[in-house]
Amino acid sequence: MNASLHIYNTLTRKKELFKAINPPFVGMYVCGPTVYSDAHMGNARTFISFDIIFRYLTHLGYKVRYVRNITDAGHLESDADVGEDKISKKAKLAQVEPMEIVQKYTVGFHEIMQQLNTLPPSIEPTATGHIIEQQQIAEEILKKGYAYEVNGSVYFDVEKFAKEHNYTALTGRKLEDLLENTRELDGQEEKKGRLDFALWIKAKPEHLMQWKSQWGQGFPGWHIECSAMSTKYLGEQFDIHGGGMDLTPTHHTNEIAQNVAYCGKQPANYWIHTNMLTVSGQKMSKSLNNSFLPHELFSGQHHLLSKGYSPMCVRFFMMQTHYRSTLDFSDEALQASEKGFDRLMESYRTLLTLTAGKENPENIDVLREKCYEAMNDDFNTPVLISHLFEAVRIINTVNDKKAELSASQLDTLKSIYQHFIIDIMGLKVEEDNSKTAKALDKVVNIVLDMRNKAKANKEFAVSDEIRQRLTDAGIQVKDSKEGSTWKL
Ligand code: AMP
Ligand code: ZN
């Protein structure tokens, strides 16, 4: 286990030396998706970032229990406990069972995660599978006096909690500012304070997903699911809690308050937050309608994209920026990444063909150390990538017969590639798509030439058949005055 790993802790706002509570075991909880629609690339960025953290900790020898939940109930349209449950709303619109929505988007989410080569978490619990645990925590918080019940709903008393504890520890904001900037909202008259949030919400008869409780029929608030599931699977205190940065002011702030009120303990030693994937500087979000969906990216079928990008190229693109910085998504940025990615993977293929010779003056062991230093510095993947390009340069000079590498240097380089590119960055060697694409382009153009000749000879049955058979093969032909074009 590497003793020098430093992690930026949102809670303390400092980079800290990572110390597991109970080495070699590490407990990591990451807030998962709300499965009411397709996950977009922004969601994917967060989960890829934690996949790399999971992979790196595992590489260092820790036995990581990685829990990433599925939110399948309780996430309302607004963070202020108003509006409809996102899943129920979708189910009503589609006239299906809420669990059909959950199933569809959970399966879709898993497919995307697999395409992007993120490892499955150790446990993937669902909110609906932990209703009793959520009720028990709410009950305990009520008993301890940090919550109150009104007409079948249970609310957390933020002002009471804040008198004894630091409610805003995660954001460092002033409570007075928060109070000032939070509006009174319609439909919230039951709350004593404007920062109070629901632990349990009374269900109207028409609410689709509701459960029996000691307070009557209802459903859990959003935040309590993560307190319940992290405590159940990782204990009252565990090592790492993560999620997107947008979760800090409300979801994670409230989660910490719940845990402290419930058992007197702040749940995680290290809070890690990933920054947002943006489009023209704006957060990529379902509600802003600026999302790119993974399949649009892989196929290139999006009006802002000139072509498709492979899942591994997209994964590489995400890692070229540190997880705590914003990353702007654009066709140009992806094109630049693709060039880098192709160079890196091409050099891997080249490395495997090199034969040993004389010792190279470059110190390959130092290069490996630099790769570890980059990852030990708060998982700094862009710096890691810059060191890997040093390796690319060395490999290319050897391939060009301008230098040599000894057998042990070759082995070290191979282990650097295996560990950092394959195991830690999770990149897979893809078949050389560019060659396949070029060959396909040539073949289709040959077929289109033959079709044009048929047309010129007035053999319309032949030309129509060619077009139909291309369509059947997934190739769309468009005829215009300038000639014929095609796309997949
Ligand atoms: P959701 O499905 O909206 O509940 O979000 C699932 C995860 O994706 C959460 O950890 C969010 O913080 C994260 N997330 C949402 N939008 C973005 C974005 N544009 N960039 C990075 N992470 C995001
Ligand atoms: Zn959560």
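Residues numbered from 1 in each chain as written. Chains lettered and ligands numbered in written order. Predicted model: local features only at pLDDT ≥ 70, side-chain atom pairs only at ≥ 80, totals over all residues. Heavy atoms only, no water.

*Asks:* Would you mind going over helix α11 (residues 331-351) with me for this structure?
*Replies:* Turn by turn, an α-helix covers 3.6 residues, leaving residues three or four places apart pointing in a common direction. For α11, built from 21 residues, the straight-helix expectation of 30 Å at 1.5 Å per residue is met to within 8% by its first-to-last C-alpha distance of 30 Å. Within the span of α11, buried status applies to Asp-331, Leu-334, Ser-337, Glu-338, Gly-340, Phe-341, Leu-344, Met-345, Ser-347, Tyr-348, Thr-350 and Leu-351. At its buried positions, α11 is contacted by α9 (294-299), α10 (311-319), α13 (381-399) and α14 (407-424). (Helix = DSSP H or I, 4+ residues; strand = E, 2+ residues; numbered from the N terminus. Expected span 1.5 Å × (residues − 1). Buried < 20%, exposed > 50% of the residue type's maximum accessible area, 1.4 Å probe, protein only. Contact = heavy atoms within 4.5 Å.)

*Asks:* Just to check I follow, could you spell out the pattern of salt bridges for this structure?
*Replies:* Tallying each qualifying case throughout the model produces 22 salt bridges. Across the salt bridge formed by Glu-338 and Lys-307, the nearest N and O atoms sit 2.8 Å from each other. Of this pair, Glu-338 sits in helix α11 while Lys-307 sits in the loop between α9 and α10, and the two are 31 residues apart along the sequence. Owing to a relative accessible area of 31%, Lys-307 belongs among the partly exposed residues under this scheme. One salt bridge in this structure joins Asp-365 and Arg-368, with 3.7 Å as the shortest N-O distance. (Salt bridge = Lys/Arg side-chain N within 4 Å of Asp/Glu carboxyl O.)

*Asks:* For this particular structure, what's the right way to read the domain arrangement of the protein chain?
*Replies:* Interface size, as often reported, equals the accessible area lost upon joining of the parts. In terms of domain boundaries, the protein chain breaks down into domain 1 (19-274), domain 2 (278-424) and domain 3 (434-487). For domain 1 versus domain 2, the separation of C-alpha centres amounts to 33 Å. At the junction of the two partners, domain 1 supplies 29 residues and domain 2 supplies 33 residues. Among the residues domain 1 hides against domain 2, the three largest losses belong to Met-41, Arg-45 and Tyr-56. Together they make up 29% of the total. The tally of links from domain 1 across to domain 2 stands at two salt bridges. For the salt bridge of Lys-283 with Asp-246, the shortest nitrogen-to-oxygen distance reads 2.9 Å. The interface formed by domain 1 and domain 2 includes 10 residue pairs in polar contact (both at pLDDT 80 or more). Of all the secondary-structure elements, those providing two or more residues to the side of domain 1 that touches domain 2 are α1 (41-59), α3 (98-115) and β10 (268-274). It is α1 that provides the largest number of residues to the side of domain 1 that touches domain 2, a total of 12 residues. Here the side of domain 1 that touches domain 2 is built from residues that sort into 12 nonpolar, 12 polar and five charged. (Domains from an automatic or database assignment. Buried area = accessible area lost by both parts, 1.4 Å probe. Polar contact = N/O pair within 3.5 Å; in protein donor to acceptor, adjacent residues only side chain to side chain. Nonpolar A, V, L, I, M, F, W, Y, C, P; charged D, E, K, R; others polar.)

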